[in-house]
Structure formats: structure tokens, C-alpha cells
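Commentary on secondary and tertiary structure
One letter stands for each residue in the lines below.
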Amino acid sequence: MSREQQDLLSRAALGVFRLNGQFLSVADELASPAGLTAAWWQVLGAVLPEPLPVAGVARAMGITRQSVQRVADLLVDRGLAVYLPNPAHRRAKLLTPTPAGRAAIERIDPGHAALAARLARALGEEEFAATVRALERLSAVLDDLAAPPDAVTEP
């Protein structure tokens, strides 16, 4: 690896760490009026399309199973989510939002839409889309690099 490549990797990592902090701060601001935290929103958002086991949420979000389990249990305790039986695995129950959980997420939508519009105006639609594609591509490549060599797929 050349020094320039190392510098690019360092800049990318530092930029993503900063961006993560910025997104967490914004997410907490958006979620707060709905009675949620960024972490609660993240976990509820992962199971909106379909119920998932805690390990599935962790994989989708790139976070630890233990942290998802803590949040999932809190969401269930507060009536924002429930555990359902999992036909594929007796012990790994499926997490799904309750109507109250879905309503909380819906209360975030106006602020979320407003921020998306502000970002699109500030970056321009094309640059916004290109930025998202670049972040998704970087994430996919890092997943491939972390996989065992025989499991790596070609891009």
C-alpha cells in the first residue's frame, strides 16, 4: 500500500466517523419529538418492512447483536414493538413494530422529509444521489473485504 492510499483510507475513516456522529446527532433531534432515540429509530426502522430476528437487525445495521437486543427489549417494554414466533428458528424470535411504534416513526417523517429536501438543495439532486451511491459502494466493498476469501463476490 502506498502512503497516498494509506492517507486516503485514514481520511475516509475519519470522515465517516465524523459523519456518523453528525447523523446520530441529527437522528436524535428528529426522533426526540416522537419519544424515540436515534438507536430506537434505527432498530424500529429496520423492522418496518418485515419482522426480523435481532441478529438480522444487527447485520442490516452493522451493529452488535447485544446492542440491538438491549434496544429491542426496551422497545418491547414500552409497547413500541413485539416479539413474534419465528418459524425458521424456535429461539430467535422476530421483532416487529406495534401500531404505536409505527405511529412514532410516522411522527418523524415531516422532519426527515424537510432535512432530505435541505440536503438535496445544498448538494444538488445529482450530487446527493452520487454521494449515497458512493457510500453504499464503499460499504459493500468493505463487506466483501471482511468476508472469507472464498465468499467474496465480484462487483
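Our structure's up above, just so we're on the same page.
The structure displayed is predicted, hence computed values, not measured ones.

**Here we look at the environment of L138**
Relative to the helices and strands, L138 is located in helix α6 (residues 125-146). Residues L138 and V26, 112 residues apart in the sequence, show an inter-C-alpha distance of 22 Å.

**Some points on a nonpolar patch on the surface**
A cluster of nonpolar side chains, namely L14, V16, F17, L135, L138, L142 and L145, defines an oily patch on the protein surface of about 700 Å² accessible area. Those elements giving two or more residues to the nonpolar patch turn out to be α1 (3-31) and α6. Tallying contributions element by element places α6 first for the nonpolar patch, with four residues. Looking at the secondary structure, you find L135 in helix α6. Owing to a relative accessible area of 37%, L135 belongs among the partly exposed residues under this scheme.

**Things to note about the sheet that holds strand β1 (residues 52-53)**
Sheets are built from strands that pair by backbone hydrogen bonding, the pairs being arranged parallel or antiparallel. Read across the sheet, three strands follow the order β1-β3-β2 without closing on themselves; strand pairing throughout is antiparallel. Each edge of the open sheet carries a strand with a single partner, namely β1 and β2 (81-84). Relative to strand β3 (residues 94-97), β2 runs antiparallel, the two being bridged by four bridges. Across the sheet, the residue bridging to V82 is T96, located in β3. Lying on the sheet, helix α4 (residues 65-77) is in contact with β2 and β3; it crosses β2 at an angle near 110 degrees.

The rules we used
Residues numbered from 1 in each chain as written. Predicted model: local features only at pLDDT ≥ 70, side-chain atom pairs only at ≥ 80, totals over all residues. Heavy atoms only, no water. Helix = DSSP H or I, 4+ residues; strand = E, 2+ residues; numbered from the N terminus. Patch = residues over 30% accessible without salt bridge, like charges linked within 9 Å, V, L, I, M, F, W, Y side chains within 5 Å. Areas by Shrake-Rupley, 256 points an atom, 1.4 Å probe, with all protein chains shown as cover. Salt bridge = Lys/Arg side-chain N within 4 Å of Asp/Glu carboxyl O. Buried < 20%, exposed > 50% of the residue type's maximum accessible area, 1.4 Å probe, protein only. Pairing = 2+ DSSP bridges. Contact = heavy atoms within 4.5 Å. Axes fitted to C-alpha atoms, helices over the stretch in contact; angles between N-to-C directions.

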